[in-house]
Amino acid sequence: MSQVSHMDKQRAIGAVMVVGGGIAGIQASLDLAEAGFLVHLVERKSAIGGVMAQLDKTFPTNDCSMCIISPKLVEAGRHLNIELHTLTEIEAVSGAAGCFQVQLLEHPRFIDPQKCTACGECAKVCPVELPNTFDQGLQNRRAAFKLYPQGMPSAYAIQKMDPAPCRLACPAGLNVQGYVQMVKQGKYQEALRIIMEELPLPGVLGRICPHGCEDACRRSQVDQPVAIRDLKRLAADRFDPRQIKIACLPPREEKVAIIGAGPAGLSAAYHLARSGVRSVIYEALPKPGGMLRVGIPDHRLPPEILDREIAVITGLGVEILCNTPLGPELTVDDLLEKGYRAVYLAMGAHKGIPLGIPGEKAQGVLQGVDFLREVNLTEKAQVGRKVAIIGGGNVAVDVARSAVRLGAAEVTIIYRRTRREMPAWEEEIQAAEQEEVRIIYLAAPQEVLVTDGRVTGLRLIRMELSAPDASGRRRPIPVPGTEYDVDIDQVIPAIGQQPDLAALGEVAGIQFSRWGTVETDGVTYATSREGVFAGGDLQSGPWIAIGAIDAGREAAESILRYLDGRDLVAGREPKAAGEPIHRPISRREPRRPRVHMPELAEEKRRTGFQEVALGIDTESGRLEAERCLNCGGCSECFQCVEACIAKAVQHDMPPMWKTIAVGAVILAPGFETFNPAPHAPYSYAAHPNVVTSLEFERLLSASGPFQGHLVRPSDHREPDKIAWLQCVGSRDINQCDHEYCSSVCCMYAAKQTVIAKEHSTKPLDTAVFYMDLRTFGKEFDRYCRRAEAEHGVRFIRSRVHTVEPAADGDLRLRYVLESGEIVEEVFDMVVLSVGLTPVADAARLAERLGIELNRHGFVRSGDLEPVGTSREGIFVCGAFQEPKDIPQAVMEASAAAADAGHLLSAARGSLARVRELPPEKDFAGEPPRIGVFVCNCGINIGGSADVPSVRDYASSLPHVVHVEDNLFTCSQDNQDRMKQVLAEKNINRVVVASCSPRTHEPLFQETIREAGLNPYLFEMANIRDQNTWVHMHNPAMATAKAKDLVRMAVAKAAHIEPLHQVTLGIEPAVLVVGGGIAGMEAALGVADQGYQAYLVERSGELGGVALKLSRTWQGAAVGPYVADLVRRVQGHPRVRLFLHTEAVDFSGILGNFRTELITGKERLTSVTAKHGAVILATGGGERRPTEYHYGDHPDILTHLELDAVMEQDPERVRKAGTVAFIQCVGSRTAERPYCSRVCCTYTLQSALAIKERNSETAVFVFYRDIRSYGFRETLYTEARRAGVLFIRYDEALPPEMALTEDRRMVLTGRDHILNRTVMLQPDLLVLASAILPNENRELFELFKVPVNSDGFLVEAHAKLRPVDFASEGIFMAGLAHYPKSIDETIAQARAAVARAMTLLAKDGIRAGGVVAHVRDPDQCACCLVCVRSCPYGVPKVREGRAVIEAAECHGCGICAAECPAKVITLQHFTDEQLLAKSHALFQDPVRSIAAGD
Amino acid sequence: MTDTFEPRILAYCCKYCAYAAADLAGSMRLAYPGNIKIIQVPCTGRVDVLHLLKALEDGADGVCVAGCLEGECHFVAGNLKVKKRVQQVQDILTRIGMDPQRVAMFNLSSAMGARFAEIATEMTERVRNLGPSPIGAHLSRLVN
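Residues numbered from 1 in each chain as written. Chains lettered and ligands numbered in written order. Predicted model: local features only at pLDDT ≥ 70, side-chain atom pairs only at ≥ 80, totals over all residues. Heavy atoms only, no water.

Peer 1: Would you mind going over the packing of aromatic side chains with me for this structure?
Peer 2: By convention here, two paired aromatic rings are described through the distance between centres and the angle between planes. All names here are of chain A. For the structure shown, the criterion picks out 23 aromatic pairs over all chains. Between Y740 and F858, the ring centres sit 5.2 Å apart and the planes meet at 90°, which makes this aromatic pair edge-to-face. Here the residue Y740 occupies a position in the loop between β31 (721-728) and α23 (745-759), and F858 occupies one in the loop between α25 (842-849) and β38 (874-876), the gap between them amounting to 118 residues. With relative accessibility at 0%, the residue Y740 sits in the buried group. A relative accessible area of 0% means that F858 is categorised as buried. Aromatic ring contacts, followed pair by pair, group Y740, F858 and F1271 into a single cluster. Between the NZ or CZ atom of R462 and the centre of the ring of Y484, over which it lies, the distance is 4.5 Å. (Phe/Tyr/Trp six-rings, centres within 6.5 Å; stacked < 30°, edge-to-face > 60°. Helix = DSSP H or I, 4+ residues; strand = E, 2+ residues; numbered from the N terminus. Buried < 20%, exposed > 50% of the residue type's maximum accessible area, 1.4 Å probe, protein only. Lys NZ or Arg CZ within 6 Å of the ring centre and 35° of its normal.)

Peer 1: I tried to follow a nonpolar patch on the surface on my own but got confused; where do I start?
Peer 2: Together, I645(A), I939(A) and L967(A) make up a nonpolar patch on the protein surface, roughly 230 Å² of accessible area in all. Judged by its relative accessible area of 43%, L967(A) is partly exposed. (Patch = residues over 30% accessible without salt bridge, like charges linked within 9 Å, V, L, I, M, F, W, Y side chains within 5 Å. Areas by Shrake-Rupley, 256 points an atom, 1.4 Å probe, with all protein chains shown as cover. Salt bridge = Lys/Arg side-chain N within 4 Å of Asp/Glu carboxyl O.)

Peer 1: Quick question: what am I supposed to make of the sheet that holds strand β56 (residues 1296-1299) of chain A here?
Peer 2: Working definition: the strands of a sheet are paired by backbone hydrogen bonds and lie parallel or antiparallel to each other. Residue and element names in this part refer to chain A. The strand order across the open sheet built from three strands is β56-β57-β58, with neighbouring strands paired in antiparallel fashion. At either end of the open sheet lies a strand with only one pairing partner, and these are β56 and β58 (1316-1320). Between one strand axis and the next, the sheet turns by 20° as a mean value, whatever way the strands run. Summarising the sheet, β56 and strand β57 (residues 1305-1311) pair through four bridges and their orientation is antiparallel. In the sheet register, E1296 faces β57, and the bridge partner there is T1308. (Pairing = 2+ DSSP bridges. Axes fitted to C-alpha atoms, helices over the stretch in contact; angles between N-to-C directions.)

Peer 1: Help me understand the nonpolar core, please; the structure alone is not making it clear to me.
Peer 2: Soluble globular proteins tend to pack their nonpolar side chains together in the buried interior. Counting 155 residues, the largest nonpolar core has M17(A), V665(A), I666(A), L1176(A) and F1343(A) as the members making the most contacts within it. Per element, the largest residue contribution to this core is 11 residues, and it comes from helix α39 (residues 1382-1400) of chain A. The residues contacting F1343(A), other than those within four sequence positions of it, are L1071(A), V1073(A), A1143(A), F1146(A), T1155(A), V1174(A), L1176(A) and I1370(A). Formed by 95 residues, the second largest nonpolar core is a distinct cluster that contains A123(A), V1050(A), I39(B) and F75(B). (Core = buried A, V, L, I, M, F, W, Y, C linked by side-chain atoms within 4.5 Å. Contact = heavy atoms within 4.5 Å.)

Peer 1: What is the right way to read helix α1 (residues 18-27) of chain B from this model?
Peer 2: Note that an α-helix has 3.6 residues per turn; residues three or four places apart therefore point the same way. Residue and element names in this part refer to chain B. Within α1, nine of the 10 residues are buried, which leaves it mostly tucked inside the rest of the structure. Looking at α1, one finds that the buried residues are A18, Y19, A20, A21, A22, D23, L24, A25 and G26. Residue R29 follows α1 closely and has a positive phi angle near 55°.

What follows is the structure, given as structure tokens:
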């Protein structure tokens, strides 16, 4: 790998940024943090864990994924040297290797993770349901959520998107989504509180608002918009707005005059009052309300509603003076002189616009606004018998409906356009029609016909609409000669209003627009006269009430700033809005009808002005509000703020930009799964029972949407037949652009079939439809064989043509078998084995990081630098580099950690944090003094159990000297307090009764250690997770059980002892066995990190099997690379090389091993190497075939032999007319049931090389499955394109090879596609022979490392510890582990180095704690039970007694349980301690009633 | 007595699977009987015959051990070791005339919160049907 070349190594920064918190990122972080570096782990989601946390089981061991990842989550989440940056993205990277500056953007979590106790109260009250992304949308979660229960950091988050469109559409910016959600929950008071943040008149606007919000509602994309206005009214109907407590700032001295008590004036007064500014409203009319009072008839807005809500405003101390118009008696100057500091003009637009036709002055012509004012103020007005109303707006309709109620015999509306263009609301028009109002469209008045000064008729002309003009509007044009007269006796023009400026004419310094409105600043509503502001219809011209409300609020803000002498504009400029991001609408969103508003019976309407719309009931309101899609995510109803006792919720948390200096960056952002929705043949988008494999994982998961009960989504019925479709989004350049193989799908599908069968309560038929079965990993083929043979899984080699819906939610598959036969089969469910794709913003991320991607969109890296990128100091691991399985990703993660560690080795430890601790107090010989801290956990415990009673009960228990209860025992202030109490009361044992020790024990242990107590003097009672959360509805039981648990904990606490970890020195050296690529890479890696390496090779030559290889699969030359390794090994001052050497004795413990090495052939010399760790890289090689006449003919070659021929005698290959390859020679057989992994790639590469040398050469490949995984698939594509012929054979029917008398080879096979026998006479026959591990039985026994039945070394855990042995301090790499390619070998060797560094980089090995201990060696009978029972072979018998090295013990306690003489005990879990606990449960000194009461 | 009989049950749970599953049951707010109380051990392989018998001697109406799924033990095979010991205790109970069902072994993974609640219910009901432990009854006679 590259060195830091352009910088002073001393300046390297000892910190590394790891991007991506999946398993690869976690592993890399842990390796680096343990090796002395500070790690910044950056994750885009709210918790680390990645896709692995979503999986149910992992292959091939069927381990529960969560079980194995969750300890890693906790470890990474709590590590002193790993800083988690969740919800964070990389913005830019500058600087160079060793010294990068990384700019991060941290999106707000809205919940402070330091304060959050993960109690979940916020989610409980959160009304917003959003798809649970962790469950792949198969169920919902709340907007306040925890990604998944085990997620780290263990804190909730709130999901917000851009404000919902309803809110954006509302002129006053009402939090519509918020109050709709409150109405959904029946929380009308809370709904009003949200509404009244902006709007003091909820019941008024809930009736008359034209609801632009509903026009913007995205629900209309599903069916119809939510009836938002009706929900607002429901809230105001159900709760009296006057009862809402409105928070006001303390009153101020200044007073403000407001002219006009319409919506603008009222709103201004309301908002000023809330800021503590008193105002007086001067109103010209006898009653307040403005147009709300006099412009809207009572059948739409009952006056008592308006009165009630105006009372809300006057309730805040606002004074309203009616019958007090602005005019000569009362001028703006007068007001300012009177001491008002500011004046707000909001007189509205109450003057009707004349028609401008002859006869308009006649008696019987009355402006619409004047008519309505009269009706509203007096409840009566003069109406004619036949009334004509001119206009098409709401005023026209209001007039018409009022005229009906006042007894007009015939009411006609005359409108010059058509109904389509009519601006009145549709519902109003319909109501008018129901009330027998006649509407004449496409007609305009030309003259009022007058007789004796009275109206007697109207002359109309027909109109037609022009073609749409540039703006799309169709103008009405009179049709000449179509005049006609109608008989009427009253004309009411209602074509518009304008402000009456008479009263303002004299005000100096106020300017007017040409539309007769007051000119103001667009943002501040300030007029050109200082201290005078204007708004509402007076300023905007006639507009809607909610617009005036907003104008009033903005004016209040300006006036407040004006009074304070602050800048009026700052921060109020309109922001340029991008395309808002809203919650996507699910394809599964069901259609639900919109609520219907009940109305007054028609016969009752004509008799008076009773309200027509009757309001909806609470149940309809709930159903209607449930239709809301919650476009904005969190609705900002702030219920969580109130529910959170820890005060962790912060809705105004801003995004944070920060720059962090690191020496290296490791990229592990993972992958995304292929989205099959756009591809119709899969029927995924259209059918709920077609699921992706990741959805299926969640279906199987015990913590998934169905608790692991296998049911299909459509009807929750258990399926009988499930089909898996392979290569969905992989190996497919027709449907998508993914040429590569995703490597993992064959195996995960096989696993899912087996697990599905386990979950099913009835026999389940599972069928996997595949092209090639690519189970090339360790133990994978064996797994599939078992799936087929033992579980009856059907693996069907085929091409699926289509998936179509069949009856009853089933699906019909049409597929073509290899023979060409077309089959139809019906399944209950289909699982799409979706491939792995690069993360969505891979290209953007690459650009920001300055790294290159390959043509598949993954990071470009090289075979010889498998975790390197194109930018020095930036490394990659996991599926961001290529689709791969977990062990491979984990291996690379460690390799990347090793490469970063190498780069920064000079800075190791420079930034790592060390906890400063006081010396431990010695309590030896002192009796237990126990302190008990009982946590309320907000209301999580205290809400169910009687915490004070538990606390008092604890004080009655033996040895307890202190009890207390805390709101949150884990909060920082209580931790500090605890330390203080421990010191004051000389407490020497601590019991915390709170949540789970799994999450909180380390925290409390740290605290008591900081107080000078040994961390093991601690015991926990889990009274939340295992008590109050379970018995939340049974307080008596919860209290009784909490007491039991506390008593048990106290009983054990009386017996616990301090445990001291001994620090053992570490030998800073590593012994590497094996001088192949893996061994050399490992030795150099160790040496480059500054430690001694002993490299032992039993032959006289370095290089191993690589000496026979020419090129890596991507074409890198192997020879020069190996030569360079050899040169570096030989020249490195910290590598000591032992050729012709074997290890003959191995002893010592972790960190301090000794190995005796014997060197030489005839004369032997012996050396003892002392080292802290071991890496076994003992290699493997090509098996010598016994099949196909190998050895009987010079032209039958193995792969390695072919390579040699191509190098040494290229002509021989070029002249060969026919070359045949046979795959799986000795692999995947009954004897060796594993895949040798590399042979298919090797064959493809060789076949292409042959074709390149001579395109005429006929090349045949006899294969069982082509396993060109990952990007190797491109070789397969190229080979087919180059004319290489592939002939598949079955294991049972391999090709037959015969030698004729004249020594010619005859190869016979069966072509399944052509269904006929193929016979060849190859000139060269190449056998892809199996890879075997080198024979090393004695060596493996010496190091006590296990091998599997194939002879390969067995790792500690197939998934998460792929280079470790179960025995600590011993690691592996290379072919001894499993067949692998050079890039994989290099990665594994470097991974082994990283793992070794986690030990060597420490000051010492900490041994002890919860480990087995031989407490009475003299009593040991040497029965060897411990030796045999230990899963790790730790106990030894030496000098007549059992010896257990604390440094090696894993702490399971199996030996302690097995030891017949009870000589061995498990510390902290001694018999005495466990029995004390158990005894305490059943011997309750205080108990009087039976358990469970 | 049997009308109001509430069995007292002790469960030894391993840290990695059963105890974590019990926590998850809590996270999922699943209700189960309060009769069962848990003692956490690193691995069920730590649980000795002695621990099971002593609990019964102290008056437990039932004792159970809950560990990882078979083949998934975090310490390779601790759960298989304790399985044998549970059987051993069951044999002893049979020999002394007590119902062997008072002692039981369960296996579950840490993701199986719902299963834990089921086990707690199942075990409580089983022991409830068996009635109070004869030892407990004897002990209370001694006390009285």
